[in-house]
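# Close look at the chain arrangement
This is what each chain is made of:
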Amino acid sequence: VYVNNGIFTMKAGQISKNKSNTGGGVMVMNANGSFTMEAGTISENAVTGYGGGVYVSNGSTFTMKSGDIINNTAAKAGAGIMNNKSIMKLTADTDKQINVTGNSAVEFMGGVLSFGSGSEMHVSGKLLIKDNLCNDPEQPKNLGIGSAINVDGALDGSDIHLVLMDVDELDYKYSTHTSGVLTSGFITSNEGAQLGDFFTYDGPDNFEMVLNESGDNADELEVKEIPGVVKIGDTAYETLAEALANA
């Protein structure tokens, strides 16, 4: 399905077994383009580039309220969903569930990739982004974001595996993992939530997810680089940059 400055709503059914360069199941372009997925399944689509299941770009909007984006493939990245400079709302309806699982990429990020200037990602409700795959075992698999996720509501039952990346350039190796704020509205929308609720950090060992308890980003999840755990062979380095410089 190709949406260019139009509106597409999927209420049920399947979009399956299509092949393309980009956007194997649904491709949405330009600021007036929108795709709302209320239910149904997008599965087993394959692309030679990005966005095996759904590809949204250039200021368009993708809203998912329920359903499954599963078992799609991409030779590059974002096999489940690719959000390029657009707005993505994975906001499950009450008593519904969103599943982005079982997608597979060759280079990296089998699940969801959200990046680029102006990109937004919003989440609420029950959302599963997990068990996606990548042919390169050292590359991230599930969700990669370039800026903080907007948590718009309760996430009860959610299981979201993610990494924070500097993805302004098309170079997605581990050298682009970064520290920074991971969420906006985490505690505000989930009173009493603790570190480890809803989100699992999938980055390399020298990055960790923490709950900031003070300052400008109090009650938000952050990613911090921790020293002394980067190894090349038997040699330990204090930072990833130092390790890469001596690789």
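What comes next is a walk through the structure.

What follows concerns the pattern of salt bridges. Enumeration according to the criterion identifies 3 salt bridges in this entry. Ionic pairing is found between Lys130 and Asp159, a salt bridge with its closest N-O pair at 3.0 Å. Taken as a pair, Lys130 in strand β19 (residues 126–130) and Asp159 in strand β23 (residues 159–164) lie far apart in primary sequence, 29 residues in all. By relative accessible area, Lys130 is classed as partly exposed at 23%.

We now examine the sheet that holds strand β8 (residues 46–47). Across the sheet, 5 strands lie side by side as β4-β8-β12-β16-β20; this open sheet has parallel pairing. Each having just a single partner strand, β4 (19–20) and β20 (133–134) make up the two edges of the open sheet.

In terms of burial, strand β18 (residues 120–124) is a largely internal element, 4 of the 5 residues being buried. Bridge count between strand β14 (residues 87–91) and β18: 5 bridges; the pairing is parallel. The partner of Lys89 across the bridge, within β18, is His122. Pairing geometry for β18 and strand β22 (residues 149–151), over 2 bridges, is parallel. Bridge pairing in β22 links His122 to Asn150.

Turning next to the sheet that holds β14. What holds strands together in a sheet is hydrogen bonding between their backbones, with the strands either parallel or antiparallel. Spatially, β2-β6-β10-β14-β18-β22-β25 is the arrangement adopted by the 7 strands of the open sheet, whose pairing is parallel. In the strand order of this sheet, the two ends are held by β2 (7–10) and β25 (183–184), each with one partner. Sheet topology places strand β10 (residues 61–64) next to β14; 4 bridges connect them, and they run parallel. Looking across to β14, one finds that Thr63 is bridged to Lys89.

Counted by the stated rule, this structure contains 1 cavity of 30 Å³ or more. Forming the boundary of the largest cavity are Ser114, Ser119, Glu120, Met121, Ile145, Gly146, Ser147 and Ala148.

So, about the side chain of Ser66. Mapping Ser66 onto the fold places it in the loop between β10 and β11 (67–70). Given a relative accessible area of 11%, Ser66 falls into the buried group. Non-local contacts of Ser66, meaning those with residues more than four positions away in its chain, are made with Met37, Glu38, Ala39, Lys96, Gln97 and Ile98.

Right, let's get into the packing of aromatic side chains. A full pass over the atoms with the stated rule returns 4 aromatic pairs. On the numbers, 5.1 Å between centres and 15 degrees between planes, the contact of Phe35 with Phe62 is stacked. Taken together, the positions of Phe35 in strand β6 (residues 34–37) and Phe62 in strand β10 put the pair 27 residues apart, joining distant regions of the chain. One exposure class covers both Phe35 and Phe62, and it is buried. Aromatic rings pair up to connect Phe8, Phe35 and Phe62 into one cluster.

What counts as what
- Residues numbered from 1 in each chain as written.
- Predicted model: local features only at pLDDT ≥ 70, side-chain atom pairs only at ≥ 80, totals over all residues.
- Heavy atoms only, no water.
- Salt bridge = Lys/Arg side-chain N within 4 Å of Asp/Glu carboxyl O.
- Helix = DSSP H or I, 4+ residues; strand = E, 2+ residues; numbered from the N terminus.
- Buried < 20%, exposed > 50% of the residue type's maximum accessible area, 1.4 Å probe, protein only.
- Pairing = 2+ DSSP bridges.
- 1 Å grid on protein atoms, 1.4 Å probe; cavity = no way out; pocket = protein on both sides within 12 Å on 5 of 7 lines; lining within 4 Å.
- Points joined across faces, edges and corners; volume = space filled by probe spheres on them.
- Contact = heavy atoms within 4.5 Å.
- Phe/Tyr/Trp six-rings, centres within 6.5 Å; stacked < 30°, edge-to-face > 60°.

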